[in-house]
Amino acid sequence: VQLQAFGGGLVQAGTSLRLSCVASGRYTYSMGWFRQAPGKERVFVTAINSIGSTTYYADSVKGRFTISRDNAKNTVYLHMNSLKPEDTAVYYCAAGSYMSRLENFYAYWGQGTLVTVSS
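This is a predicted model, so every value here is computed, not measured.

Participant: Tell me about the overall build of the protein, residues and numbers included.
Facilitator: A count of helices and strands for the protein gives zero helices and 11 strands. Overall, the protein is about 40 × 25 × 25 Å in size when its C-alpha atoms are taken along their principal axes. Per-residue burial for the protein yields a buried fraction of 45% across its 119 residues. Of all intrachain contacts in the protein linking residues separated by at least 6 positions in sequence, the fraction that spans at least 24 positions is 56%. When the accessible area of the protein is evaluated, it comes to approximately 6,100 Å², of which 49% is carbon and sulfur surface. Separation between the mean location of the 11 positive side-chain charges and that of the 6 negative ones in the protein comes to 5 Å.

Structural data, given as structure tokens:
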């Protein structure tokens, strides 16, 4: 499975952005988004199971971010609203057999896309 994330960019605080992650190959995986801010460790953001019926969110993004997937397009989305400067990070999508907040449950990773939120 190869994952390609895109959609990042420079935006102002309070605005919205949508990230996409396209998978090639098998797509019956749970999908997650993680992010790594400058100088910090990579952390969990959100995850969705293989059929899109269950989602998890980090407390820091709950109510502002929404994960969704379109299995017909092999694509998972991260809709980010009310962006804050602290959301600035490289965002990575990941695929795994189990939906989890833990990185080691994900076997496949995309290359990351940078989101910069200016104040």
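Participant: Kindly report on the state of the cysteines, identifying the contributing residues and their values.
Facilitator: Counted according to the given criterion, the structure contains one disulfide. The disulfide that involves C21 links it to C93, with 2.1 Å between the sulfurs. One quick way to see it: the torsion about the S-S bond of C21 and C93 is about 60 degrees, and its sign makes the bridge right-handed. Taken together, the residues span a long stretch of sequence, with C21 in strand β3 (residues 17-24) and C93 in strand β9 (residues 89-96) at a distance of 72 residues. C93 matches C21 in its accessibility class, with the two residues each being buried.

Cut-offs used in this document
- Residues numbered from 1 in each chain as written.
- Predicted model: local features only at pLDDT ≥ 70, side-chain atom pairs only at ≥ 80, totals over all residues.
- Heavy atoms only, no water.
- Helix = DSSP H or I, 4+ residues; strand = E, 2+ residues; numbered from the N terminus.
- Buried < 20%, exposed > 50% of the residue type's maximum accessible area, 1.4 Å probe, protein only.
- Contact = heavy atoms within 4.5 Å.
- Areas by Shrake-Rupley, 256 points an atom, 1.4 Å probe, with all protein chains shown as cover.
- Lys, Arg positive; Asp, Glu negative; His and termini not counted.
- Charge placed at Lys NZ, Arg CZ, Asp CG, Glu CD.
- Disulfide = S-S within 2.5 Å.

Nothing here speaks to function; it is geometry throughout.
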